[in-house]
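# Overview (structure and organization)
So the chains spell out like this:
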Amino acid sequence: MPCQFKGLEVIGPKELTLNGIDKARGIAKRLSFEFYVDAYRIYDKTGVWKAWQIEPPPNLDGIVLVLHAGEWKVASSPQQSYNLK
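To keep things clear, this report deals only with the structure shown in the data block. Please read all numbers here as calculations on a predicted model, not as lab measurements.

Scanning all chains against the criterion turns up 1 salt bridge. Ionic pairing is found between Asp22 and Arg30, a salt bridge with its closest N-O pair at 2.6 Å. Judged on exposure class, the residue Asp22 and its partner Arg30 are both buried.

Shown next as structure tokens:
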């Protein structure tokens, strides 16, 4: 369902500590990013934007990227997420 954010900020990157398994797998770096919004609203099924909610939106969790073999890849992200249009 369409969702609109007000004041979207990306916080990070924060470099995470690599462990022995990461190094054995060839991971050179691990970074985390968090997201923050001032408010959000959802476009409902009747074709109307609902009121702005001053709280964290559902499922807007952070992501972790890893640098593996010279390429950045998503290591973890929310099961449900957002895309930008």
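The subject of this paragraph is the side chain of Asp22. Looking at the element boundaries, Asp22 is found in helix α1 (residues 20-24). In this structure the side chain of Asp22 is engaged in a polar contact, spanning 2.6 Å, whose partner is the side chain of Arg30. Every residue in contact with Asp22, bar those within four places of it in the chain, is listed here: Thr17, Ile27 and Arg30.

Within the element layout of this structure, Arg30 appears in strand β3 (residues 27-36). According to the relative accessible area criterion, Arg30 is buried, its value standing at 18%. Ignoring any residue separated from it by four or fewer positions in sequence, one finds Arg30 in contact with Lys14, Glu15, Leu16, Leu18, Asp22, Val64, Leu65, Val66 and Ala75.

Once that is clear, we can look at the pairing of strand β6 (residues 71-76). Note: strand β5 (residues 63-68) against β6, 5 bridges, orientation antiparallel. Note on β6: the bridge partner recorded for Val66 is Lys73. Between the antiparallel neighbours β5 and β6 lie 2 residues, among them Ala69 with a positive phi of about 55 degrees.

All right, on to the packing of aromatic side chains then. Within this structure, the stated rule accounts for 1 aromatic pair. Aromatic side chains Tyr43 and Trp49 sit 5.0 Å apart centroid to centroid with 65 degrees between the ring planes, which places their arrangement in the edge-to-face category. Look at Tyr43 and you get partly exposed, because its relative accessible area is 31%. Here Lys6 stacks its cationic end above the ring of Trp52, 4.3 Å away from the centre of that ring.

The next thing to look at is the environment of Gln53. With respect to the element layout, Gln53 can be found in the loop between β4 (39-42) and β5. We classify Gln53 as partly exposed; its relative accessible area is 32%. Sequence separation of Gln53 and Lys6 is 47 residues, and the distance between their C-alpha atoms is 9.9 Å. When sequence neighbours within four positions are dropped, the list of residues in contact with Gln53 reads Asp38, Ala39 and Tyr40.

So, how was this worked out
Residues numbered from 1 in each chain as written. Predicted model: local features only at pLDDT ≥ 70, side-chain atom pairs only at ≥ 80, totals over all residues. Heavy atoms only, no water. Salt bridge = Lys/Arg side-chain N within 4 Å of Asp/Glu carboxyl O. Buried < 20%, exposed > 50% of the residue type's maximum accessible area, 1.4 Å probe, protein only. Helix = DSSP H or I, 4+ residues; strand = E, 2+ residues; numbered from the N terminus. Polar contact = N/O pair within 3.5 Å; in protein donor to acceptor, adjacent residues only side chain to side chain. Contact = heavy atoms within 4.5 Å. Pairing = 2+ DSSP bridges. Phe/Tyr/Trp six-rings, centres within 6.5 Å; stacked < 30°, edge-to-face > 60°. Lys NZ or Arg CZ within 6 Å of the ring centre and 35° of its normal.

Scope: geometric values only; no functional claims are made or implied.
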